[in-house]
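Examining the three-dimensional arrangement
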Amino acid sequence: MKFLRTALLIVCVVTLSCLVGCSKADSRLVGKWKNQSLPEIVEFKSNNTGIFVVKDSPALPFTWTIVKGSEVRIDIPFQGQIRSLPGRVEKNVFTLNGQGEQAVYVRME
């Protein structure tokens, strides 16, 4: 009986730790970010959707997921398919990688 309680307690602690760790990355990402090289803003919403806004271009919606720790995956509908791009959030910097290019954003809010 004592072993079962201990095992259940360990499972609860691990589960709670995972939930807290994931929510930190989520909350660090939510908000508006400004591209350092282009007139572009990306907004991450708390419902795991977002939008790219580039000056003089139509807005581009996407969905996002925390993959692991500070790693992020953005899924963008493109020509009837989904294009996935990896990214990373660290403090007030978000870096997005795609096909040999890298975009760096800083938090606006």
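Each remark here, short or long, concerns the structure printed above.
Residues numbered from 1 in each chain as written. Predicted model: local features only at pLDDT ≥ 70, side-chain atom pairs only at ≥ 80, totals over all residues. Heavy atoms only, no water.

**So, the overall build of the protein**
- When helices and strands are tallied, the protein shows one helix and eight strands.
- Starting at the N terminus and walking to the C terminus, you meet the elements of the protein as α-β-β-β-β-β-β-β-β.
- For the protein, with 109 residues in total, the buried portion stands at 25%.
- Residue pairs in contact within the protein that sit at least 24 positions apart in sequence constitute 29% of those at least 6 positions apart.
- With an accessible surface of roughly 7,800 Å², the protein has 60% of that area assigned to carbon and sulfur atoms. (Helix = DSSP H or I, 4+ residues; strand = E, 2+ residues; numbered from the N terminus. Buried < 20%, exposed > 50% of the residue type's maximum accessible area, 1.4 Å probe, protein only. Contact = heavy atoms within 4.5 Å. Areas by Shrake-Rupley, 256 points an atom, 1.4 Å probe, with all protein chains shown as cover.)

**Comments concerning the sheet that holds strand E2 (residues 40-44)**
- The sheet built from eight strands closes into a barrel, its strands ordered E1-E2-E3-E4-E5-E6-E7-E8 with antiparallel pairing. With strand direction ignored, the average angle separating the axes of adjacent strands in the sheet is 30°.
- As paired strands, E2 and strand E3 (residues 49-54) are joined by five bridges and run antiparallel to one another. Residue pairing for E3: Ile-41 is matched across the bridge by Val-53. (Pairing = 2+ DSSP bridges. Axes fitted to C-alpha atoms, helices over the stretch in contact; angles between N-to-C directions.)

**Some points on the environment of Val-30**
- Mapped onto the elements of the fold, Val-30 is located in the loop between helix H1 (2-29) and strand E1 (31-35).
- Distance from Val-30 to Arg-107, taken between C-alpha atoms, is 9.5 Å for residues 77 residues apart in sequence.
- Not counting residues up to four positions away in its chain, the partners in contact with Val-30 are Phe-44, Lys-45, Ser-46, Trp-64 and Arg-107.

**Re the side chain of Glu-40**
- Structurally, Glu-40 is set in strand E2.
- Lacking a salt bridge, the buried Glu-40 has Arg-83 as its closest oppositely charged neighbour, with an N-O distance of 11 Å.
- A polar side-chain atom of Glu-40 sits 2.7 Å from a polar atom in the side chain of Asn-35.
- Beyond its immediate sequence surroundings of up to four residues, Glu-40 is in contact with Trp-33, Lys-34, Asn-35, Phe-52, Val-53, Val-54 and Tyr-105. (Lys, Arg positive; Asp, Glu negative; His and termini not counted. Salt bridge = Lys/Arg side-chain N within 4 Å of Asp/Glu carboxyl O. Polar contact = N/O pair within 3.5 Å; in protein donor to acceptor, adjacent residues only side chain to side chain.)

**Description of unusual backbone geometry**
- Of note, Asn-48 is a non-glycine position whose phi angle comes to about 65°, a positive value.
- Locating Asn-48 in the fold gives a position in the loop between E2 and E3.
- Despite not being glycine, Gln-99 has its phi angle at roughly 35°, a positive value.
- Considering the arrangement of structural elements, one finds Gln-99 in the loop between strand E7 (93-98) and strand E8 (101-107).
- We classify Gln-99 as exposed; its relative accessible area is 72%.

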